[in-house]
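A closer look at the structure
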Amino acid sequence: MAPSDDQRYDPVPPIPTYDEAVATGSASRPAFEADVLSPMAEGYVPDHEGRSLLHGAHRRTGSSANARNTNGYRAPTVETDDEDSTWTSDSDDDDDLEAAHVRREMQEFDIIEPGDGRRGASSIFGKRIGFSLSLPQWKWNWRWKMPRFRIRLPNSSSAGATAGSSSTGGAEGEGTTGTARRRWALPPSFAAAFNKTAVIIVVARVVAICLVMGLLYLLFMSDLFTSMSRRLGSQMFDPESVRLHVQGSVDPERMRDMLQQFTLHTHVAGTEGDYALAVDVRNLFARFGLEDIRVDEYYVYMNYPRKDGRAVEIIGDDDKPVWQARIDEDPRGNSQATAPSLAFHGHSKSGDVRGPLIYANYGTREDFKKLQDSGIDTKGAIALVRYYGPQSDRGLKVKAAEMAGFAGCLIYSDPADDGYLKGDVAPNGRYMPADGVQRGSVALSSFVIGDPLTPNWESEKGMPRMQPHESKGLVQIPSLPLAWRDAQVLLQRLKGKGKPVFDGWAGGVPDVGEWWTGDQTSPVVRLQNEQDENDKQPIWNVYGRIEGAEQGSKSIIVGSHRDAWAYGGVDPGTGNMVFLETVRVFGDLLAKGWRPKRTIEFMSWDAEEYNMVGSTEYVEKNLEALRQDAFAYINLDTAVTGGVFRASGSPVFQKLLLSILKRVGDPHVNQTLRELWDAGGRRIEGLAADSDYVAFQDMAGTSSLDLRFEGPEPPGSGGGSYPAHSAYDGFDWVDRVGDPGFVYHAMLAQVLSLLVLELADRPVLPFDMAAYANALQKWTADLAGFLDGKVHPGPADPPFDLSRLSAAANAVTDAVREFQEWEGTWEARVLQANGWEPMGLGGQRLEYNDRMSRFEADLLDVDVNGGIPNRTQFKHVVMGPDLWNAYQDAYFPAIRDVVEAGDWVLANQTLDKVARIISKAAANLVM
Ligand SMILES: CC(=O)N[C@@H](CC(=O)O)C(=O)N[C@@H](CCC(=O)O)C(=O)O
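All figures in this text were calculated on a predicted structure; none of them were measured in a lab. (Residues numbered from 1 in each chain as written. Predicted model: local features only at pLDDT ≥ 70, side-chain atom pairs only at ≥ 80, totals over all residues. Heavy atoms only, no water.)

What follows covers the overall build of the chain. When helices and strands are counted, the chain shows 27 helices and 20 strands. When each of the 927 residues of the chain is scored for burial, the buried share is 57%. When contacts within the chain are restricted to residue pairs at least 6 apart in sequence, long-range pairs at least 24 apart make up 80% of them. When the accessible area of the chain is evaluated, it comes to approximately 36,700 Å², of which 53% is carbon and sulfur surface. (Helix = DSSP H or I, 4+ residues; strand = E, 2+ residues; numbered from the N terminus. Buried < 20%, exposed > 50% of the residue type's maximum accessible area, 1.4 Å probe, protein only. Contact = heavy atoms within 4.5 Å. Areas by Shrake-Rupley, 256 points an atom, 1.4 Å probe, with all protein chains shown as cover.)

For the structure on display, the rule yields 33 aromatic pairs. On the numbers, 4.8 Å between centres and 75 degrees between planes, the contact of Phe502 with Trp505 is edge-to-face. An aromatic cluster of at least three residues, connected via ring pairs, comprises Phe285, Phe579, Phe586, Trp594 and Phe602. (Phe/Tyr/Trp six-rings, centres within 6.5 Å; stacked < 30°, edge-to-face > 60°.)

In the vicinity of the ligand there are 16 residues, among which Arg394, Asp690, Arg708, His725 and Tyr887 approach most closely. Within the side chain of Ser445, one N or O atom sits 3.1 Å away from an oxygen atom of the ligand. The side chain of Thr638 places a nitrogen or oxygen atom 3.3 Å from an oxygen atom of the ligand. Relative to its free-state accessible area of 470 Å², the ligand is covered by the protein chains to the extent of 95%. Looking at which domains feed residues into the shell around the ligand, each of domain 3 (240–299 + 534–764) and domain 4 (309–532) supplies at least three. (Near = heavy atom within 4 Å. Polar contact = N/O pair within 3.5 Å; in protein donor to acceptor, adjacent residues only side chain to side chain. Domains from an automatic or database assignment.)

Before going further, it helps to examine the pairing of strand β7 (residues 408–412). Among the five residues that make up β7, five are buried, leaving the element largely enclosed by the rest of the structure. Alternating positions in β7 separate into two faces, Gly408, Leu410 and Tyr412 on one and Cys409 and Ile411 on the other, with burial throughout. Summarising the sheet, strand β6 (residues 382–386) and β7 pair through five bridges and their orientation is parallel. Paired with Arg386 across the strands is Tyr412, a residue of β7. For the segment spanning β6, helix α12 (residues 394–403) and β7, crossover handedness is right-handed. In the sheet, β7 pairs with strand β9 (residues 479–482) via four bridges, with the strands oriented parallel. If you follow Ile411 over to β9, its bridge partner there is Pro481. (Pairing = 2+ DSSP bridges. Right-handed = clockwise from strand over helix to strand, strands pointing away.)

All right, on to the environment of Arg256 then. Locating Arg256 in the fold gives a position in helix α9 (residues 252–262). Between the C-alpha atom of Arg256 and that of Phe742, which follows or precedes it by 486 residues, the distance is 6.6 Å. Not counting residues up to four positions away in its chain, the partners in contact with Arg256 are Phe731, Asp735 and Phe742.

For the rest of this paragraph, the subject is the domain arrangement of the chain. In terms of domains, the chain is made up of domain 1 (7–73), domain 2 (153–187), domain 3 (240–299 + 534–764), domain 4 (309–532) and domain 5 (771–925). Relative to domain 5, the C-alpha centre of domain 4 lies at a distance of 39 Å. Taken residue by residue, the interface counts 18 residues in domain 4 and twelve residues in domain 5. Here domain 4 meets domain 5 over a buried area of about 1,300 Å², counting both sides, of which 52% is carbon and sulfur. Contact with domain 5 buries area across many residues of domain 4, yet Ser446, Phe447 and Asn456 alone supply 38% of it, more than any other trio. Seen at the junction of domain 4 and domain 5, the total is zero salt bridges. The interface formed by domain 4 and domain 5 includes six residue pairs in polar contact (both at pLDDT 80 or more). (Buried area = accessible area lost by both parts, 1.4 Å probe. Salt bridge = Lys/Arg side-chain N within 4 Å of Asp/Glu carboxyl O.)

Within this numbering scheme, the UniProt entry marks residues 801–925 as carrying the feature "domain: Transferrin receptor-like dimerisation" (unreviewed entry). In this annotation, residues 801–925 is assigned 62% helix and 7% strand; the end-to-end C-alpha distance for the span is 26 Å. (UniProt positions renumbered as here; feature names shortened; annotations may be inferred.)

Within the span of helix α18 (residues 654–661), buried status applies to Leu656, Leu657, Leu658, Ile660 and Leu661. Among the structural elements, β14 (644–649), β16 (671–672), α19 (673–679), β17 (704–710) and α22 (743–761) are those in contact with the buried residues of α18.

So, on to the packing of helix α24 (residues 803–832) against helix α27 (residues 904–925). At a minimum axis separation of 8 Å, α24 and α27 run at an interaxial angle of 10 degrees. Between α24 and α27, the crossing angle belongs to the class labelled roughly parallel. In this structure, α24 contributes Arg804, Leu805, Ala808, Ala811, Val812, Ala815, Val816 and Phe819 to the contact, and α27 contributes Asn908, Leu911, Asp912, Val914, Ala915, Ile918, Ser919, Ala922 and Leu925. Residues that form the contact of α24 with α27 fall into these classes: 13 nonpolar, two polar and two charged. (Axes fitted to C-alpha atoms, helices over the stretch in contact; angles between N-to-C directions. Parallel < 35°, antiparallel > 145°, perpendicular 65-115°, else oblique. Nonpolar A, V, L, I, M, F, W, Y, C, P; charged D, E, K, R; others polar.)

What follows covers unusual backbone geometry. With an omega of 10 degrees, the peptide bond between Ala426 and Pro427 qualifies as cis. Topologically, Pro427 is positioned in the loop between α13 (415–418) and β8 (440–441). In the segment running from Asp571 into Pro572, the intervening peptide bond is cis, with an omega of 10 degrees. Checked against the element boundaries, Pro572 lands in helix α15 (residues 569–591).

Let us look at the pattern of salt bridges. By the definition in use, this model includes 45 salt bridges. Here Arg584 ties to Glu581 by a salt bridge, and the two come within 2.7 Å at their closest N and O atoms. Highlighted residues: Arg584 and Glu581, both in helix α15, separated by three residues, approximately one helical turn. Take Arg584 and Glu581: they sit in the same class, and that class is buried.

This part covers the UniProt feature "domain: PA" (unreviewed entry) in the chain. UniProt's entry tags residues 353–441 with the feature "domain: PA" (unreviewed entry), counted in the numbering of this structure. Between the C-alpha atoms that bound residues 353–441 there is a distance of 20 Å. The span itself is 26% helix and 21% strand.

At a minimum axis separation of 8 Å, helix α10 (residues 272–288) and α15 run at an interaxial angle of 25 degrees. Between α10 and α15, the interaxial angle falls into the category roughly parallel. When α10 is examined against α15, the residues Leu284, Phe285 and Phe288 are found in contact with a partner set consisting of Phe579, Leu580, Val583, Arg584, Gly587 and Asp588. Per-class residue counts for the contact of α10 with α15 are six nonpolar, one polar and two charged.

Glancing now at the nonpolar core. Among the nonpolar cores identified, the biggest contains 185 residues, and Phe645, Leu707, Val878, Phe892 and Ile918 are the most heavily contacted of them. The leading source of residues in this core is α22, at 14 residues. The contact partners of Leu707, leaving out residues within four places of it in the chain, are Ile634, Asn635, Leu636, Ala639, Phe645, Arg646, Ala647, Leu657, Leu748, Val751, Leu752 and Leu755. Ranked by size, the runner-up nonpolar core spans 37 residues in total, among them Tyr543, Tyr610, Ile868 and Phe874. (Core = buried A, V, L, I, M, F, W, Y, C linked by side-chain atoms within 4.5 Å.)

Once that is clear, we can look at the confidence of the model for the chain. In the predicted model, the chain carries a mean pLDDT of 81, and 76% of its residues have values of at least 70. Note that residues 34–186 has pLDDT below 50 and, in this model, 236 contacts with residues that lie over four places away or in other chains. Within the model, the stretch residues 223–233 combines pLDDT values under 50 with twelve contacts to residues more than four positions away or in other chains. Prediction confidence for the complex, expressed as pTM and ipTM, is 0.80 and 0.96 respectively. (pLDDT = per-residue confidence, 0-100.)

Within the element layout of this structure, Ser555 appears in strand β11 (residues 551–561). A relative accessible area of 5% places Ser555 in the buried class. The spatial distance from the C-alpha of Ser555 to the C-alpha of Asp308 is 47 Å, given a sequence separation of 247 residues.

Printed below as a string of structure tokens:
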């Protein structure tokens, strides 16, 4: 819907407007346009595209296109003209110098070493595995030879003499008549024939030359040499030296400088700030040397606030507002605050509702039930609830309010959960200040992931779409986020209304005095949330890759989202920096001739903050290929909020990750990450549904991993470790509070680079199948615990017996044991062959890797209408988000859902199906 002029959100120019992003017509940027892409097509030289793009918005409003405006505006381009920037010093000359320097460095590390001729006795077509310092030596024991004909032609002046002397029959006619030497003379009858022979010989020579030339031409045209050099790519390099080089290349200063650029402006998904960053990321990919760079556009359902479309008011008896919430943060006047960043909920419902105010603690279903059980009528009321608590997913708070009959829902940040009662507040501390507002999506991620109007298919042009009221992924009552300084007034006005709150319900907002619930006699509150909605808003994913030499179709995917609720310092800036630094490190390796065995894909997602839309649409579009060919997905999002390393994901990464953690040290405590991991009794945690791994893990069955350094409190647990989704989450916070010196950024970039290196280049995919088998046993036991007290089939129902699942888990344990024996055999044969992979074994190894990587795809319920009942996008039978808390993992989610629903017939069918799928996956493993 195009906004009318009086609805137009008109921020301080030249910051891109939300309504420009959603309006149809020239103001919006409907597509990743050819004119913007053209510099790449013409051989891109880094310039100022991102910036000039934002100036495009300027031009459209009649402003000048100067690099800076009078407000000190500077567009969010990484291709800055700032002379102090590390990027500008990255000229081509500098690149050459740097390349020469690194080449020297690599020689010192023995990464590049000439062949040493230690070929071993194995076949020349064998493959040197692992630890070679040398280029494979191709021993050609034959030489190219041009065809040679040892016939000397008679010269013309001697032809007659030759003919005349023929009668002498002399064979030794040593010429006195000319320079030609004549050993013998041909009879005249032979002369003509001889001339013919000479012609034939010349022709034969020409033909032979042509043949050789043609063969050479064909060889070059056939790409044999290129692909051979590709195949040899990583084998030219000693793996350990590459590891050392990768670790040594990570540069915290670069990440710091780049984050400063990335956070200059707000970049909400689908707005021009986001578009400008997409251009910058694409250009950085090109500059870092990635291959096949492309921008992938989707058209998705998005909402944006109108500046005058939001209100939270207490309505007086005369129906006029007696108090109005400020809603947005106070302008801070620092370098960050060049643009307003309006507070709202992504995918919230438009509306203008009013009703009596009722306080409902954390807004769980149990909280609302408690109110109703105590006789408080919640129908038509406005709920006031706090963030976090046992059900921290904000969308589910609104959903629970909707189910309890409320007309609207306000969610505020309480200082007891995320404010001064926890510790120092932003900008100097990690908690939310009085005016800090947590924006965020209220889409129901555990019900529908991605564009809520296109569940299970990609939102491309021309694809069908549901209506918003038809989607199970959208709430149906309006909501807004609030700072506690606004909530304080509302809570104070509840005094004496309803009942004193239940135990544990009183929050930490100061000067509330007594906390009361409120009821139908409470002050009437108006919640206005009129917004711009567009069901075909363009968003932009950006991709680049390094093609694998041995199995180019198989890939290791690394992803990080780019869109932010405001400036995106931590979320997603920290993840973006680790991601882009890793791209740079790998681009640099590629430039030096290294190439991995498998393809590495780098993906910058859009619209993660709105229900992981960009990544999910990509997965929906490429589902079959991903199930077949994606070996692993690694995610970076809110990557650095403190110093505690955390990994969530599939257990297949356990062994590799733990070995890598031994290599990376924390300089603050002088211990390795592995020592800290062990001391903290940490383990790889489960994946829920709060970032871009969801579609990969739960829909494509790609083994996924999310990495981060977190602050004292994990996101989604009891409170924030940083001023999440607020205007306080900018560069300054990361620089001064989150990670001074970008030390943890550098450590994470090392961990990520090493992981990618090993996953993409180890001959045998380093998956820990035994860890998966053990985890399955544990999760089965946990499920038994969950079922305790819940299993009450009626007399007519079949008994609910978990032993079927235990048997399936045992089958996996047995299959993994047998499967892994092959790896031992492979190692022994390679060692016997002096480090060379004997002919034939390579094919088996690829088959082994494929089976290993397909294990999780085999755990998908791919039947028509398969997946978790009622939320069939989630196909993985072992992993998935908890239905009533998307921030919480739930193993065997389908079984849990149907048991909670008390449907014992379906519960039995589901249990059978899950056990059957797991057993089949086990059987598929065995070679
Ligand atoms: C729990 C949380 O805050 N998650 C972060 C991302 C992260 O920490 O990795 C987050 O912001 N997730 C988004 C996901 C969007 C959605 O659920 O629709 C969020 O708003 O929670």
